[in-house]
Amino acid sequence: MGVLRVTQIVSRALVAQSLRSRLAPSFSFSRSFSAEPLAGESTALLYTTHGEPSEVLKLGTLQLPSLGDKSVLVKMLAAPINPSDINMIQGTYAILPDLPAVGGNEGVGQVIEVGSKVKTVKVGDWVIPRDAGLGTWRALAVLSADDLVTLPSDIPLLSAATLGVNPCTALRMLSDFEDLKPGDTVIQNAANSGVGQAVIQIAAAKGVHTINIVRDRPDLSQLTDRLKAMGATHVIKEETLRRPEMKELFKFCPRPKLALNGVGGKSATELLRHLQSGGTMVTYGGMAKQPVTVPVSALIFKDVKVRGFWVTQWKRDHRHNDEALCSMLNELCTLIRAGKLSPPPCTEVSIEDFHKALDNTMKPYISTKQVLVM
(Lines give C-alpha, C1' and ligand atoms only; values in the text may rest on other atoms or scores of the structure.)
Protein backbone atom coordinates (compact mmCIF):
# COMPACT_ATOMS: atom_id res chain seq x y z
CA MET A 1 0.00 0.00 0.00
CA GLY A 2 1.41 3.35 -1.02
CA VAL A 3 1.94 5.73 1.85
CA LEU A 4 1.13 9.37 1.24
CA ARG A 5 3.92 11.45 2.69
CA VAL A 6 2.51 14.79 3.77
CA THR A 7 5.61 16.77 4.66
CA GLN A 8 4.19 20.20 4.03
CA ILE A 9 0.72 20.08 5.60
CA VAL A 10 -1.42 23.16 5.35
CA SER A 11 -1.19 23.65 9.09
CA ARG A 12 -3.50 26.67 9.22
CA ALA A 13 -6.50 24.56 8.26
CA LEU A 14 -5.55 21.72 10.57
CA VAL A 15 -4.90 23.99 13.53
CA ALA A 16 -8.25 25.71 12.98
CA GLN A 17 -10.00 22.36 13.30
CA SER A 18 -7.69 20.98 16.03
CA LEU A 19 -6.57 18.37 13.51
CA ARG A 20 -3.00 18.21 14.78
CA SER A 21 -0.66 15.74 16.37
CA ARG A 22 2.82 15.50 17.94
CA LEU A 23 5.35 12.78 18.58
CA ALA A 24 5.51 11.19 22.04
CA PRO A 25 7.53 8.41 23.66
CA SER A 26 6.33 4.96 22.64
CA PHE A 27 3.19 3.79 24.46
CA SER A 28 2.72 0.10 25.07
CA PHE A 29 -0.49 -1.24 23.53
CA SER A 30 -0.55 -4.91 22.73
CA ARG A 31 -2.38 -4.67 19.41
CA SER A 32 -0.87 -1.55 17.93
CA PHE A 33 1.03 -1.82 14.66
CA SER A 34 4.79 -1.45 14.69
CA ALA A 35 5.40 1.32 12.15
CA GLU A 36 7.17 4.20 13.91
CA PRO A 37 6.89 7.77 12.58
CA LEU A 38 10.05 9.83 12.30
CA ALA A 39 10.81 12.45 14.95
CA GLY A 40 8.34 15.33 14.78
CA GLU A 41 5.76 13.33 12.85
CA SER A 42 2.66 11.22 13.43
CA THR A 43 0.99 8.59 11.31
CA ALA A 44 -2.60 9.45 10.36
CA LEU A 45 -5.41 8.60 7.96
CA LEU A 46 -5.70 11.69 5.77
CA TYR A 47 -7.92 12.90 2.98
CA THR A 48 -7.33 15.93 0.79
CA THR A 49 -10.61 15.80 -1.11
CA HIS A 50 -14.10 14.49 -0.46
CA GLY A 51 -15.17 11.18 -1.96
CA GLU A 52 -15.57 7.50 -1.19
CA PRO A 53 -13.38 6.70 1.83
CA SER A 54 -11.75 3.71 0.16
CA GLU A 55 -10.58 6.01 -2.62
CA VAL A 56 -9.62 9.23 -0.85
CA LEU A 57 -8.24 8.05 2.51
CA LYS A 58 -4.47 7.57 2.62
CA LEU A 59 -2.13 6.47 5.38
CA GLY A 60 0.15 9.46 5.70
CA THR A 61 2.44 11.40 7.97
CA LEU A 62 1.70 14.70 9.66
CA GLN A 63 4.31 17.22 10.71
CA LEU A 64 3.78 17.88 14.40
CA PRO A 65 3.52 21.30 16.03
CA SER A 66 5.16 22.07 19.35
CA LEU A 67 3.17 21.68 22.56
CA GLY A 68 1.46 24.93 23.58
CA ASP A 69 0.91 25.99 27.17
CA LYS A 70 -2.86 25.23 26.90
CA SER A 71 -2.59 22.08 24.82
CA VAL A 72 -1.96 18.41 25.54
CA LEU A 73 -0.18 15.59 23.80
CA VAL A 74 -2.48 12.58 23.35
CA LYS A 75 -1.62 9.06 22.29
CA MET A 76 -4.72 7.68 20.56
CA LEU A 77 -5.56 4.17 21.71
CA ALA A 78 -8.67 3.16 19.76
CA ALA A 79 -11.11 4.91 17.42
CA PRO A 80 -14.22 3.41 15.80
CA ILE A 81 -15.55 3.91 12.29
CA ASN A 82 -19.07 5.36 12.49
CA PRO A 83 -21.54 6.25 9.72
CA SER A 84 -20.97 9.95 10.44
CA ASP A 85 -17.24 9.46 9.74
CA ILE A 86 -18.07 7.99 6.33
CA ASN A 87 -20.51 10.82 5.55
CA MET A 88 -17.95 13.45 6.59
CA ILE A 89 -15.33 12.02 4.24
CA GLN A 90 -17.92 11.81 1.46
CA GLY A 91 -18.70 15.48 2.05
CA THR A 92 -22.38 14.90 2.88
CA TYR A 93 -22.33 15.51 6.64
CA ALA A 94 -23.71 18.62 8.33
CA ILE A 95 -20.25 19.76 9.43
CA LEU A 96 -17.06 19.35 7.43
CA PRO A 97 -13.47 20.06 8.50
CA ASP A 98 -11.13 22.12 6.37
CA LEU A 99 -9.00 20.05 4.00
CA PRO A 100 -6.59 18.33 4.26
CA ALA A 101 -8.18 16.55 7.22
CA VAL A 102 -7.72 13.57 9.48
CA GLY A 103 -10.62 11.12 9.58
CA GLY A 104 -12.53 10.05 12.67
CA ASN A 105 -14.78 11.84 15.15
CA GLU A 106 -14.74 9.44 18.09
CA GLY A 107 -12.14 7.53 20.08
CA VAL A 108 -10.18 7.39 23.30
CA GLY A 109 -6.62 8.45 23.94
CA GLN A 110 -4.21 8.79 26.85
CA VAL A 111 -2.57 12.06 27.83
CA ILE A 112 1.21 11.84 27.49
CA GLU A 113 2.19 15.46 28.16
CA VAL A 114 0.41 18.65 29.22
CA GLY A 115 1.12 22.33 28.64
CA SER A 116 2.20 24.55 31.52
CA LYS A 117 -1.22 26.19 31.93
CA VAL A 118 -3.39 23.06 31.61
CA LYS A 119 -5.42 22.36 34.76
CA THR A 120 -8.29 20.17 33.51
CA VAL A 121 -6.34 17.05 32.53
CA LYS A 122 -3.14 15.39 33.70
CA VAL A 123 -0.64 12.90 32.35
CA GLY A 124 -2.12 9.41 32.27
CA ASP A 125 -5.76 10.52 31.92
CA TRP A 126 -8.01 8.87 29.37
CA VAL A 127 -9.70 11.48 27.19
CA ILE A 128 -12.33 11.61 24.46
CA PRO A 129 -13.26 14.46 22.09
CA ARG A 130 -15.76 16.98 23.41
CA ASP A 131 -17.03 17.69 19.87
CA ALA A 132 -16.87 16.26 16.36
CA GLY A 133 -14.09 17.10 13.94
CA LEU A 134 -10.92 16.48 15.97
CA GLY A 135 -9.65 13.71 13.70
CA THR A 136 -9.12 10.60 15.82
CA TRP A 137 -7.67 8.24 13.22
CA ARG A 138 -4.02 8.90 14.00
CA ALA A 139 -1.33 7.79 16.39
CA LEU A 140 -0.68 11.04 18.26
CA ALA A 141 -2.24 14.47 18.52
CA VAL A 142 -1.62 17.85 20.08
CA LEU A 143 -5.04 19.19 21.05
CA SER A 144 -6.46 22.02 23.08
CA ALA A 145 -7.28 20.84 26.58
CA ASP A 146 -10.66 22.55 26.20
CA ASP A 147 -11.54 20.16 23.36
CA LEU A 148 -11.20 17.06 25.56
CA VAL A 149 -13.21 15.36 28.27
CA THR A 150 -11.69 12.96 30.78
CA LEU A 151 -13.03 9.45 31.34
CA PRO A 152 -12.30 7.01 34.14
CA SER A 153 -9.75 4.43 33.04
CA ASP A 154 -11.47 1.62 34.97
CA ILE A 155 -13.96 0.97 32.17
CA PRO A 156 -13.08 -1.32 29.23
CA LEU A 157 -11.09 0.28 26.44
CA LEU A 158 -13.70 -0.45 23.76
CA SER A 159 -16.44 1.01 25.96
CA ALA A 160 -14.41 4.20 26.29
CA ALA A 161 -13.63 4.34 22.56
CA THR A 162 -17.30 4.08 21.60
CA LEU A 163 -18.85 6.11 24.42
CA GLY A 164 -19.01 9.62 23.01
CA VAL A 165 -21.54 9.21 20.19
CA ASN A 166 -24.00 6.30 20.31
CA PRO A 167 -24.54 5.82 24.06
CA CYS A 168 -24.81 9.59 24.52
CA THR A 169 -27.37 9.76 21.70
CA ALA A 170 -29.37 6.91 23.23
CA LEU A 171 -29.38 8.36 26.75
CA ARG A 172 -30.39 11.84 25.63
CA MET A 173 -33.26 10.57 23.48
CA LEU A 174 -34.54 8.39 26.31
CA SER A 175 -34.29 11.29 28.76
CA ASP A 176 -35.16 14.52 26.96
CA PHE A 177 -38.38 13.98 25.00
CA GLU A 178 -40.78 11.93 27.14
CA ASP A 179 -40.97 11.33 30.89
CA LEU A 180 -40.49 7.58 30.75
CA LYS A 181 -41.39 5.49 33.79
CA PRO A 182 -40.72 1.82 34.53
CA GLY A 183 -43.25 -0.19 32.53
CA ASP A 184 -43.46 2.32 29.67
CA THR A 185 -42.60 1.30 26.12
CA VAL A 186 -40.19 2.62 23.49
CA ILE A 187 -40.29 1.44 19.88
CA GLN A 188 -37.27 1.83 17.60
CA ASN A 189 -36.05 0.86 14.15
CA ALA A 190 -32.35 0.29 13.38
CA ALA A 191 -32.32 -1.71 16.61
CA ASN A 192 -29.07 -3.46 15.69
CA SER A 193 -27.19 -0.18 15.21
CA GLY A 194 -24.82 1.20 17.81
CA VAL A 195 -27.52 3.59 19.00
CA GLY A 196 -30.14 0.85 18.95
CA GLN A 197 -28.10 -1.49 21.11
CA ALA A 198 -27.40 1.30 23.60
CA VAL A 199 -31.13 2.16 23.71
CA ILE A 200 -31.98 -1.47 24.52
CA GLN A 201 -29.52 -1.64 27.40
CA ILE A 202 -30.21 1.78 28.92
CA ALA A 203 -33.98 1.27 28.67
CA ALA A 204 -33.71 -2.15 30.30
CA ALA A 205 -31.70 -0.63 33.16
CA LYS A 206 -34.55 1.86 33.67
CA GLY A 207 -37.26 -0.82 33.53
CA VAL A 208 -38.59 0.44 30.17
CA HIS A 209 -39.88 -2.04 27.56
CA THR A 210 -38.43 -1.88 24.04
CA ILE A 211 -39.94 -3.01 20.76
CA ASN A 212 -37.02 -3.40 18.39
CA ILE A 213 -37.35 -3.41 14.61
CA VAL A 214 -34.67 -5.09 12.48
CA ARG A 215 -34.38 -5.98 8.82
CA ASP A 216 -34.84 -9.60 7.84
CA ARG A 217 -31.51 -11.39 7.33
CA PRO A 218 -30.04 -14.90 7.24
CA ASP A 219 -28.93 -14.79 10.89
CA LEU A 220 -32.15 -13.25 12.23
CA SER A 221 -32.56 -15.89 14.93
CA GLN A 222 -29.07 -15.31 16.31
CA LEU A 223 -29.52 -11.54 16.16
CA THR A 224 -32.84 -11.78 17.99
CA ASP A 225 -31.27 -13.88 20.73
CA ARG A 226 -28.37 -11.45 21.09
CA LEU A 227 -30.61 -8.38 21.36
CA LYS A 228 -32.86 -10.12 23.88
CA ALA A 229 -29.81 -11.06 25.92
CA MET A 230 -29.05 -7.33 26.08
CA GLY A 231 -32.50 -6.63 27.48
CA ALA A 232 -34.74 -6.23 24.42
CA THR A 233 -38.38 -6.96 25.27
CA HIS A 234 -39.49 -7.72 21.70
CA VAL A 235 -37.52 -8.06 18.44
CA ILE A 236 -39.56 -8.05 15.23
CA LYS A 237 -39.00 -7.69 11.50
CA GLU A 238 -40.01 -4.51 9.67
CA GLU A 239 -42.77 -6.39 7.83
CA THR A 240 -44.40 -7.26 11.16
CA LEU A 241 -45.09 -3.56 11.81
CA ARG A 242 -47.82 -3.72 9.15
CA ARG A 243 -49.41 -6.98 10.30
CA PRO A 244 -52.29 -7.75 12.69
CA GLU A 245 -49.98 -9.48 15.18
CA MET A 246 -48.92 -6.04 16.43
CA LYS A 247 -52.25 -5.91 18.25
CA GLU A 248 -51.30 -9.10 20.05
CA LEU A 249 -47.95 -7.63 21.05
CA PHE A 250 -49.65 -4.68 22.74
CA LYS A 251 -51.48 -7.08 25.04
CA PHE A 252 -48.11 -7.63 26.76
CA CYS A 253 -46.85 -4.05 26.91
CA PRO A 254 -48.48 -0.61 26.53
CA ARG A 255 -48.33 1.30 23.28
CA PRO A 256 -45.11 3.29 23.03
CA LYS A 257 -44.76 6.81 24.40
CA LEU A 258 -41.56 7.26 22.39
CA ALA A 259 -40.45 6.15 18.93
CA LEU A 260 -36.80 6.41 17.83
CA ASN A 261 -36.20 6.62 14.10
CA GLY A 262 -32.82 6.02 12.55
CA VAL A 263 -34.09 4.90 9.14
CA GLY A 264 -36.73 7.23 7.68
CA GLY A 265 -39.10 6.42 4.85
CA LYS A 266 -41.90 3.87 5.35
CA SER A 267 -40.25 2.54 8.49
CA ALA A 268 -40.65 5.89 10.23
CA THR A 269 -44.29 6.15 9.12
CA GLU A 270 -45.04 2.76 10.64
CA LEU A 271 -43.43 3.76 13.93
CA LEU A 272 -45.74 6.76 14.07
CA ARG A 273 -48.82 4.58 13.57
CA HIS A 274 -48.05 2.61 16.71
CA LEU A 275 -47.39 5.54 19.04
CA GLN A 276 -49.92 6.23 21.76
CA SER A 277 -51.81 9.52 21.63
CA GLY A 278 -49.56 12.45 22.43
CA GLY A 279 -46.42 10.37 21.94
CA THR A 280 -43.19 11.54 20.33
CA MET A 281 -41.11 10.28 17.43
CA VAL A 282 -37.47 11.39 17.47
CA THR A 283 -35.46 11.10 14.25
CA TYR A 284 -31.68 10.84 14.66
CA GLY A 285 -30.71 9.19 11.38
CA GLY A 286 -31.90 8.41 7.86
CA MET A 287 -30.27 5.21 6.66
CA ALA A 288 -32.97 4.66 4.03
CA LYS A 289 -32.19 8.09 2.55
CA GLN A 290 -35.93 8.68 2.24
CA PRO A 291 -38.00 11.49 3.78
CA VAL A 292 -40.12 11.06 6.87
CA THR A 293 -43.81 11.09 5.92
CA VAL A 294 -46.25 11.93 8.70
CA PRO A 295 -49.86 10.73 8.26
CA VAL A 296 -52.36 13.56 8.76
CA SER A 297 -54.43 11.28 10.99
CA ALA A 298 -51.50 10.87 13.38
CA LEU A 299 -51.27 14.63 13.79
CA ILE A 300 -54.98 15.37 14.07
CA PHE A 301 -56.36 12.41 15.97
CA LYS A 302 -53.33 11.34 18.00
CA ASP A 303 -51.52 14.69 18.35
CA VAL A 304 -48.13 13.01 17.96
CA LYS A 305 -44.98 15.11 18.16
CA VAL A 306 -42.24 14.81 15.53
CA ARG A 307 -38.78 15.89 16.69
CA GLY A 308 -35.16 15.56 15.66
CA PHE A 309 -31.95 14.97 17.61
CA TRP A 310 -28.24 15.42 16.83
CA VAL A 311 -25.84 14.71 19.68
CA THR A 312 -23.24 17.10 18.24
CA GLN A 313 -25.70 19.96 18.58
CA TRP A 314 -26.54 18.91 22.14
CA LYS A 315 -22.86 19.00 23.06
CA ARG A 316 -22.45 22.41 21.46
CA ASP A 317 -25.51 23.75 23.25
CA HIS A 318 -23.95 22.56 26.52
CA ARG A 319 -20.35 23.45 25.72
CA HIS A 320 -20.15 25.80 28.71
CA ASN A 321 -22.08 23.45 30.99
CA ASP A 322 -19.52 20.88 32.07
CA GLU A 323 -21.88 19.64 34.75
CA ALA A 324 -24.43 18.44 32.18
CA LEU A 325 -21.82 16.67 30.05
CA CYS A 326 -20.04 15.09 33.02
CA SER A 327 -23.34 13.99 34.55
CA MET A 328 -24.27 12.21 31.32
CA LEU A 329 -20.89 10.49 31.01
CA ASN A 330 -20.92 9.52 34.69
CA GLU A 331 -24.36 7.93 34.31
CA LEU A 332 -23.15 5.92 31.34
CA CYS A 333 -19.93 4.87 33.08
CA THR A 334 -21.93 3.74 36.11
CA LEU A 335 -24.01 1.48 33.84
CA ILE A 336 -20.82 0.15 32.23
CA ARG A 337 -19.25 -0.69 35.59
CA ALA A 338 -22.47 -2.44 36.65
CA GLY A 339 -22.38 -4.61 33.54
CA LYS A 340 -25.58 -3.03 32.22
CA LEU A 341 -24.08 -1.24 29.20
CA SER A 342 -21.62 -2.90 26.85
CA PRO A 343 -20.25 -1.68 23.52
CA PRO A 344 -21.51 -3.35 20.35
CA PRO A 345 -19.44 -6.31 19.18
CA CYS A 346 -16.19 -4.82 17.87
CA THR A 347 -13.47 -5.94 15.49
CA GLU A 348 -10.12 -4.33 16.25
CA VAL A 349 -8.08 -3.50 13.17
CA SER A 350 -4.67 -1.85 13.05
CA ILE A 351 -4.65 1.56 11.39
CA GLU A 352 -2.30 0.03 8.82
CA ASP A 353 -5.14 -2.23 7.64
CA PHE A 354 -7.73 0.54 7.41
CA HIS A 355 -8.92 -0.58 3.96
CA LYS A 356 -10.07 -3.87 5.47
CA ALA A 357 -11.95 -2.00 8.20
CA LEU A 358 -13.61 0.31 5.66
CA ASP A 359 -14.68 -2.63 3.49
CA ASN A 360 -16.26 -4.38 6.46
CA THR A 361 -18.02 -1.19 7.56
CA MET A 362 -19.72 -0.82 4.18
CA LYS A 363 -21.03 -4.40 4.01
CA PRO A 364 -24.78 -4.94 4.61
CA TYR A 365 -26.06 -6.53 7.83
CA ILE A 366 -22.78 -5.97 9.63
CA SER A 367 -23.18 -6.62 13.36
CA THR A 368 -19.66 -5.68 14.45
CA LYS A 369 -18.18 -2.21 14.70
CA GLN A 370 -14.75 -1.71 13.17
CA VAL A 371 -12.34 -0.09 15.62
CA LEU A 372 -8.94 1.22 14.55
CA VAL A 373 -6.12 0.64 17.03
CA MET A 374 -2.95 2.64 16.82
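Residues numbered from 1 in each chain as written. Predicted model: local features only at pLDDT ≥ 70, side-chain atom pairs only at ≥ 80, totals over all residues. Heavy atoms only, no water.

Looking at the overall build of the protein
Here is step 1 of the chain: Along the protein, the regular secondary structure elements total 13 helices and 17 strands.
Here is step 2 of the chain: Split into buried and exposed, the 374 residues of the protein put 54% on the buried side.
Here is step 3 of the chain: When contacts within the protein are restricted to residue pairs at least 6 apart in sequence, those whose partners lie at least 24 apart make up 72%.
Here is step 4 of the chain: Counting every atom, the protein has about 16400 Å² of accessible surface; 51% of that belongs to carbon and sulfur. (Helix = DSSP H or I, 4+ residues; strand = E, 2+ residues; numbered from the N terminus. Buried < 20%, exposed > 50% of the residue type's maximum accessible area, 1.4 Å probe, protein only. Contact = heavy atoms within 4.5 Å. Areas by Shrake-Rupley, 256 points an atom, 1.4 Å probe, with all protein chains shown as cover.)

Side note on the packing of helix H5 (residues 166-176) against helix H12 (residues 322-337)
Here is step 1 of the chain: At their nearest, the axes of H5 and H12 sit 11 Å apart, and the two run at 105 degrees to each other. Taken together, the axes of H5 and H12 are roughly perpendicular relative to one another. Where H5 abuts H12, its residues Pro167, Cys168, Leu171 and Arg172 lie against Met328, Leu329, Glu331 and Leu332.
Here is step 2 of the chain: In the contact of H5 with H12, the residues fall into six nonpolar, no polar and two charged. (Axes fitted to C-alpha atoms, helices over the stretch in contact; angles between N-to-C directions. Parallel < 35°, antiparallel > 145°, perpendicular 65-115°, else oblique. Nonpolar A, V, L, I, M, F, W, Y, C, P; charged D, E, K, R; others polar.)

Section: the packing of H5 against helix H6 (residues 194-205)
Helix packing for two helices is described by the angle between their axes and how far apart those axes are.
Here is step 1 of the chain: Between H5 and H6, whose axes approach to 8 Å, the crossing angle comes to 50 degrees. The angle between H5 and H6 falls in the class oblique. Taken as a pair, H5 and H6 cross one another with a handedness that is right-handed. Taken together, the residues of H6 that come into contact with H5 (itself represented by Asn166, Pro167, Thr169, Ala170, Leu171, Met173 and Leu174) are Gly194, Val195, Ala198, Val199, Ile202 and Ala203. (Left-handed = near helix turned anticlockwise from the far one by under 90°.)

Considerations on the sheet that holds strand S10 (residues 185-188)
Here is step 1 of the chain: What the six strands build is an open sheet, ordered S12-S11-S10-S13-S14-S15; its pairing is parallel. Every other strand in the sheet has two partners, leaving strand S12 (234-237) and strand S15 (305-308) as the edge strands with one partner each. Across the sheet, the axes of successive neighbouring strands diverge by a mean angle of 20 degrees, strand direction being ignored.
Here is step 2 of the chain: Where strand S14 (residues 280-283) and S15 come together, four bridges link them in parallel fashion. (Pairing = 2+ DSSP bridges.)

Comments concerning the confidence of the model for the protein
Here is step 1 of the chain: For the protein, the mean per-residue pLDDT works out to 88, and 90% of the residues sit at or above 70.
Here is step 2 of the chain: Confidence over residues 1-39 falls short of pLDDT 50; this stretch has 102 contacts with residues more than four positions distant or in other chains. (pLDDT = per-residue confidence, 0-100.)

Some details on the side chain of Lys315
Here is step 1 of the chain: Looking at the element boundaries, Lys315 is found in helix H11 (residues 311-317).
Here is step 2 of the chain: No salt bridge is formed by the buried Lys315, whose closest oppositely charged neighbour, Glu106, lies at an N-O distance of 6.8 Å.
Here is step 3 of the chain: Polar contacts involving the side chain of Lys315 include one to the main-chain carbonyl oxygen of Gly164, which spans 2.5 Å.
Here is step 4 of the chain: Look past the residues within four positions of Lys315 in its chain and what remains in contact with it is Arg130 and Gly164. (Lys, Arg positive; Asp, Glu negative; His and termini not counted. Salt bridge = Lys/Arg side-chain N within 4 Å of Asp/Glu carboxyl O. Polar contact = N/O pair within 3.5 Å; in protein donor to acceptor, adjacent residues only side chain to side chain.)

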